[in-house]
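What the coordinates show
Chain by chain, the residues:
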Amino acid sequence: MPARPALVALLGLMLIAGSVRASDLDDCNAAVPMPAPAATPRAEAYWLDGRHLQWPGLELRPGERVRLHHARAAGMRATPGEPISGSDGAIELAPSPGVPPPALRFIAEGPRFEVVQGHVASLLREQLLLVRESADGHVVAATGLQLAGALDDLYATAERVDDLGVLPTPGGTAFAVWAPTAQRVQLCRHAGPESPAIAVDAMERDADTGVWRVKLPGDLSGQAYRYLVDVVTPTHGLVRNLVTDPYSVALTADSRRSLVADLAAPALKPPGWDASHRPAAARAATDQVIYELHVRDFSTSDMSVRPAWRGKYLAFTEAGSRGMQHLRALARAGVTDVHLLPVFDLASVPERGCRTPEVPRAAPDGEAQQAAVTALAAEDCFNWGYDPWHYGVPEGSYATDPRDFRRIVEFRRMVMALHAAGLRVGMDMVYNHTAAAGQHPRSVLDRLVPGYYHRLDAQGQVERSTCCDNTATEHRMMAKLMIDTAARWVREYRIDGMRFDLMGHQPREAMERLQARVNAEAGRPVPLLGEGWNFGEVANGARFVQASQLSLNGSGIGTFSDRGRDAARGGSAGEAGDDSVRHQGWLNGLVYAPNALAAAGRDALLAAADMIRVGLAGSLRDVELTTWRGERRRLDQIPYGDQPAGYVSQPGEVVNYVENHDNQTLFDVNVLKLPLATSRADRARVQVLGAALVAFSQGVAYFHAGQDILRSKSLDRNSYDSGDWFNRLDWSYRTNHFGTGLPPRQDNFGKDGRDWALDRERLRDPGIAPGPAEIAWARDVFRDLLRIRASTPLLRLPTAAEVKARLSFPGSGPGQNPVLVATRIDGRGLPGFKAVMAMINVSPQAQALELPGEAASHWELHPVQRHGADARVRREARASAGRFEVPARSAVVFVLR
């Protein structure tokens, strides 16, 4: 909250006394307001370390000088042409000939200075301005300073502090918070979650680490607390902030206060927690078959779940529900892990009083449905949750009561239930940004240490390339927060794996430290994977070696591959208008089944078929392929835009997928791109071919929940805030929810309404939405694909050396038939089949591949498919005398015993 004038006037005397005022207790009970409007000051200069500064772009004229002005009460004004006002003094600076440290290599050239007098640690607790002055002392120009370099240098030992947060014991309760730039920190305590403050306790600052601590008598578990922090901000001067603990282990409803808790306390453990069964770790990363699932989607419309548990953690404990029956069936077929969309404390869903919109019955292409959903979007119970508030606490809206510790117990019950079903549990981690920064009420980090935790641009403004306020995990204490909270999820909640949102915005070095830490906490490998996209202010290693696709190879950390995804689906993420129809993919008709807007030539199909082979080979750098042009190339020599198609060193470093929560579902993409006359049965077949691409690819297999039952979001391309209506799952298999209204206008209207026009044409078409028969068929054939992968280790080889030695591409090269792609994996010397031949035919007609070299071998249909759900494959797939026959739009695996 902004400082009151009295606070500014009296603060110096109070700090000397170290006293607690009677009104401090009143401040503990105050609401956290939205900040008053403020100017947006620039911070163009940088602290390089604890003594050196640089001002990029500065050019001094003769007689001019640069001085560092400071003011404890933060009342300085620097008006060009006038003397600076409100300054407590100026620090003389000396020119410094050094170079910026590697972490700051991205900053522009400019003069460097050394602080030759003054205690920098003390100065950092005041308002600072770097001022270019004329010979007569008037301001020529002034700038604030970006302080992360100094804080990381001066307080490097804070990285090793292991008691941040709260630790209750019978002998006392200790509180510790890192706030090195704060002038004063006090602890506000409340007897319970909703109680008024009962005490305010002064905290002591450790000069070496910048950590403030207080230890109080007794075990204070159950008390609520916040920190009362007097600190200088770049936007609002000296303020008194009431802030929750970034290391919170528990929270009150709507994250208003932190709660004192010991996660090892028996009361916070469901019965049997300590002795509960946990599925074994994956033998190799490539053994993972992941099912990505949103907690609310899982059960909010499942009538077999008791009403109070729908959309909640406890729905997973409803053993007889349709949803849990579905997950157990997937586990029996071969799914190994469920990855949950964000389940940490998030800012976008009211934990109390969220509302459910009344969605009217309307036409399949009606506007009324989306209007009802969007009218309550800010107040409803749904969001994907990519807006972190507190990284180490379970989200309260998924608990039956968010006011106390139930979220902890119920989260653990969910994990136990999934483990009992034979499924490991993964989490979606979102450390690349926070829900808010600055003085916003939902800003925690920036209101404790202003200007440190977020990545700033050259003017000192928070970067927002990730859509929100980007964090700076290249800074010591932001990386520490990431690593410490990730370790907590593994240690205290038995999380088995992690998926990192926009991981390319984080340093590889930090991710490798995180990997080592979580492995140590679990006592076994904890697979890490994430989005390695290369964009924004960190792109191409501008600030550090990224945890991105090209920079992670050799690390063992997996990244999602867009190579096979885009070739299969067609186009790319974010396309709109006619392009979303015109740009067909290998799965949905490119050249061989053109839609009304298609214009691609055969070369595009040939190139797409080769990119499909890249994906089947796990996007490995060293695997070789004879391309459609007749060139023998390693996969890293085949271009994918401005990057190599093959980019990973080991198969466990690639995550293969054709659908996840982002963008349209595969069914909806195919609705746009397939010819409109495509039958329901063929739409189901195309969907299953997408799953086959993933099941037959080397690497980690990743599926979106509902992909197996033809999931549709009624063509919504960005359903993050589209409510339950557009994100529903139907475990009764009666509908896939296609044709339940036009998707929300905000992200789907398109230029001049073109996207909605294309959507209308399809949503009103009665021949597109599948019926129960098509959904059940897709479900059952999908499970056959899982069984094939699970029972066939050759489809998930653990090392690049094995893949390179054993995998080949029969029928590839300049004379290829691009609608029929095959991989052959040699099994000699390994248990099981002597060889496997996986084939996918995307054509509406049957295709055959003649391989004279296989004429003497006796190939037969995979045992799963001989008795499988796809009758067409059972009847028509043949292998004889080197001729392999694959039915129309079918995926077939032949084996050599």
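Our subject in this report is the structure included herewith. Every chain's residues receive numbers from 1 upward, in the order its sequence appears when written. Whole-chain, interface and lining totals are the exception, using all residues; otherwise, since this is a predicted model, local features are given only for residues with pLDDT of at least 70 and side-chain atom pairs are given and counted only at 80 or more. Calculated side-chain values reflect all of the structure's heavy atoms, with hydrogen atoms and water omitted.

1. Side note on the overall build of the chain
Using the following cut-off: Runs of H or I in DSSP of at least four residues are treated as helices and runs of E of at least two as strands, each being numbered from the N terminus. Working definition: with a 1.4 Å probe on protein chains only, accessible area under 20% of the residue-type maximum means buried, over 50% means exposed, and in between means partly exposed. The contact definition used throughout considers only heavy atoms, calling two residues in contact when any of these lie within 4.5 Å. Computed with the Shrake-Rupley method and a 1.4 Å probe, the accessible areas treat only the protein chains shown as cover for residues.
Scanning the chain from N- to C-terminus turns up 24 helices and 41 strands. Along the first, second and third principal axes, the C-alpha set of the chain runs to 95 × 65 × 55 Å. Each of the 897 residues in the chain was classed as buried or not, and the buried ones make up 62%. The long-range share in the chain, meaning contacts at least 24 apart out of those at least 6 apart in sequence, stands at 74%. Roughly 31,200 Å² of accessible area belongs to the chain as shown, and the carbon and sulfur atoms make up 52% of that amount.

2. A word on the sheet that holds strand 14 (residues 211-216)
So the rule is basically this: For two strands to count as paired, DSSP must find a minimum of two bridges between them.
Read from one edge to the other, the open sheet built from four strands follows the order 9-10-14-13, with strand pairing classed as antiparallel. Each having just a single partner strand, strand 9 (165-169) and strand 13 (204-205) make up the two edges of the open sheet. By the bridge criterion, five bridges tie strand 9 to strand 10 (residues 172-178) in an arrangement that is antiparallel. By the bridge assignment for strand 10, V166 is matched with F175.

3. Brief notes about the pattern of salt bridges
The cut-off we apply is this: Here, a salt bridge means any Lys or Arg side-chain nitrogen found within 4 Å of an Asp or Glu carboxyl oxygen.
This structure, assessed with the given rule, holds 69 salt bridges. The closest approach of N and O atoms between R717 and D755, which form a salt bridge, is 3.5 Å. In this pair, R717 is assigned in the loop between strand 33 (700-704) and helix 18 (723-727) and D755 in helix 20 (residues 754-763), connecting sequence segments 38 residues apart. For the residue pair R717 and D755, the accessibility class agrees, reading buried in each case.

4. As for the state of the cysteines
The cut-off we apply is this: Here, the term disulfide refers to a pair of cysteine sulfur atoms separated by no more than 2.5 Å.
Throughout the structure, instances matching the rule amount to two disulfides. The disulfide partner of C354 is C381, and the gap between their sulfur atoms is 2.0 Å. Here the S-S torsion is close to 90 degrees, and the disulfide linking C354 with C381 is therefore right-handed. Residue C354 is found in the loop between strand 20 (344-346) and helix 7 (368-375), and its partner C381 is found in the loop between helix 7 and strand 21 (388-394); the two are separated by 27 residues along the sequence. The cystine pairing of the chain, numbering bonded cysteines in sequence order, is 1-2, 3-4.

5. As for the environment of F833
Among the structural elements, F833 can be located in the loop between strand 35 (820-826) and strand 36 (835-841). Residues F833 and L327, 506 residues apart in the sequence, show an inter-C-alpha distance of 29 Å.

6. Description of unusual backbone geometry
Positioned with a positive phi, A881 is a non-glycine residue whose angle comes to about 50 degrees. Structurally, A881 can be placed in the loop between strand 39 (878-880) and strand 40 (883-886). Classification of A881 by relative accessible area gives exposed; the value is 57%. In the Ramachandran plot, R889 falls in the positive-phi region, its phi being about 40 degrees despite a non-glycine side chain.

7. A short note on the packing of aromatic side chains
Condition: Any two of the Phe, Tyr and Trp rings considered here, Trp counted by its six-membered ring, make a pair once their centres fall within 6.5 Å; the pair's planes then place it as stacked at under 30 degrees, edge-to-face at over 60, or tilted in between.
In the structure shown here, the tally under the stated rule is 26 aromatic pairs. A centroid spacing of 5.0 Å and a plane angle of 65 degrees characterise the contact between W178 and Y452, whose relative ring orientation is edge-to-face. Linking W178 in strand 10 with Y452 in the loop between helix 9 (445-448) and strand 24 (469-470), this pair joins segments that are 274 residues apart in sequence. Judged by its relative accessible area of 4%, W178 is buried.

8. Side note on the nonpolar core
Basically, it comes down to this: By convention a nonpolar core is built from buried Ala, Val, Leu, Ile, Met, Phe, Trp, Tyr and Cys residues, the set being connected through side-chain atoms within 4.5 Å.
Of all hydrophobic cores here, the largest spans 215 residues; its most connected members are W47, F175, W178, F316, L327, W586 and F696. In this structure, L327 is in contact with Y291, L293, F298, F316, V338, L418 and L423, ignoring residues within four places of it in sequence. In terms of nonpolar packing, the next biggest core, distinct from the first, is built from 16 residues, A835, M837, L861 and V886 among them.

9. What about the packing of helix 16 (residues 666-673) against helix 17 (residues 680-695)?
What counts here: Working convention: axes come from line fits to C-alpha atoms, limited for helices to the stretch in contact. Angles between N-to-C directions cover 0 to 180 degrees. Orientation is classified from the angle alone, with under 35 degrees giving roughly parallel, over 145 giving roughly antiparallel, 65 to 115 giving roughly perpendicular, and any other angle giving oblique. In this scheme, a crossing is called left-handed if the near helix is turned counterclockwise away from the far one by less than a right angle; it is called right-handed if the turn is clockwise.
At their nearest, the axes of helix 16 and helix 17 sit 10 Å apart, and the two run at 125 degrees to each other. With respect to their mutual orientation, helix 16 and helix 17 come out oblique. As for the relative orientation of helix 16 and helix 17, their crossing is right-handed in sense. Judged by residue contacts, L666, F667, N670 and V671 of helix 16 engage R683, V686, Q687 and G690 from helix 17.

10. Description of helix 13 (residues 562-569)
Stated formally: In the analysis that follows, any N or O atom pair within 3.5 Å is treated as a polar contact, provided that within protein one partner can donate a hydrogen and the other can accept it, and provided that, for residues neighboring in sequence, both atoms belong to side chains.
Across the eight residues of helix 13, eight count as buried, placing the element largely inside the fold. For helix 13, the complete set of buried residues consists of D562, R563, G564, R565, D566, A567, A568 and R569. Between the side-chain oxygen at the start of helix 13 and the backbone nitrogen of R563 there is a gap of 3.3 Å, and the oxygen is on S561. Note on helix 13: the residue one or two positions beyond its end, G570, has a positive phi of about 95 degrees.

11. Considerations on the side chain of H190
Secondary-structure assignment places H190 in strand 11 (residues 184-190). We classify H190 as buried; its relative accessible area is 0%. Polar contacts involving the side chain of H190 include one to the side chain of R257, which spans 3.3 Å. Those residues in contact with H190 that lie beyond four places of it in its chain are C28, N29, S195, P196, A197, I198, Q223, A224, Y225, R226 and R257.

12. Remarks on the environment of R442
Positionally, R442 belongs in the loop between strand 23 (433-434) and helix 9. Overall, the relative accessible area of 38% leaves R442 in the partly exposed class. Taking the C-alpha atoms as reference, R442 lies 40 Å from P651; in sequence the two are 209 residues apart. Sequence-distant contacts of R442, defined by excluding residues within four places in its chain, comprise A347, W389 and A436.

13. Digging into helix 11 (residues 508-522)
Residues three or four positions apart in an α-helix share a direction because the helix packs 3.6 residues into each turn. The condition is simple: In this analysis, the expected span of each helix is defined as 1.5 Å times one less than the number of residues it contains. The arc in question is traced by the directions running from the helix axis to the C-beta atoms.
In this model, helix 11 (15 residues) spans 21 Å end to end at C-alpha, consistent with the 21 Å of a helix rising 1.5 Å per residue. Those residues of helix 11 that fall on the buried side of the exposure criterion are R508, A510, M511, L514, Q515, V518 and A522. Take helix 11 and look down its axis: the buried residues cluster within an arc of 150 degrees, on one side only. The inward-facing, buried residues of helix 11 contact helix 10 (476-493), strand 25 (497-500), strand 26 (528-530) and helix 12 (549-552). Following helix 11 by one or two positions, G523 adopts a phi angle in the positive range, close to 70 degrees.

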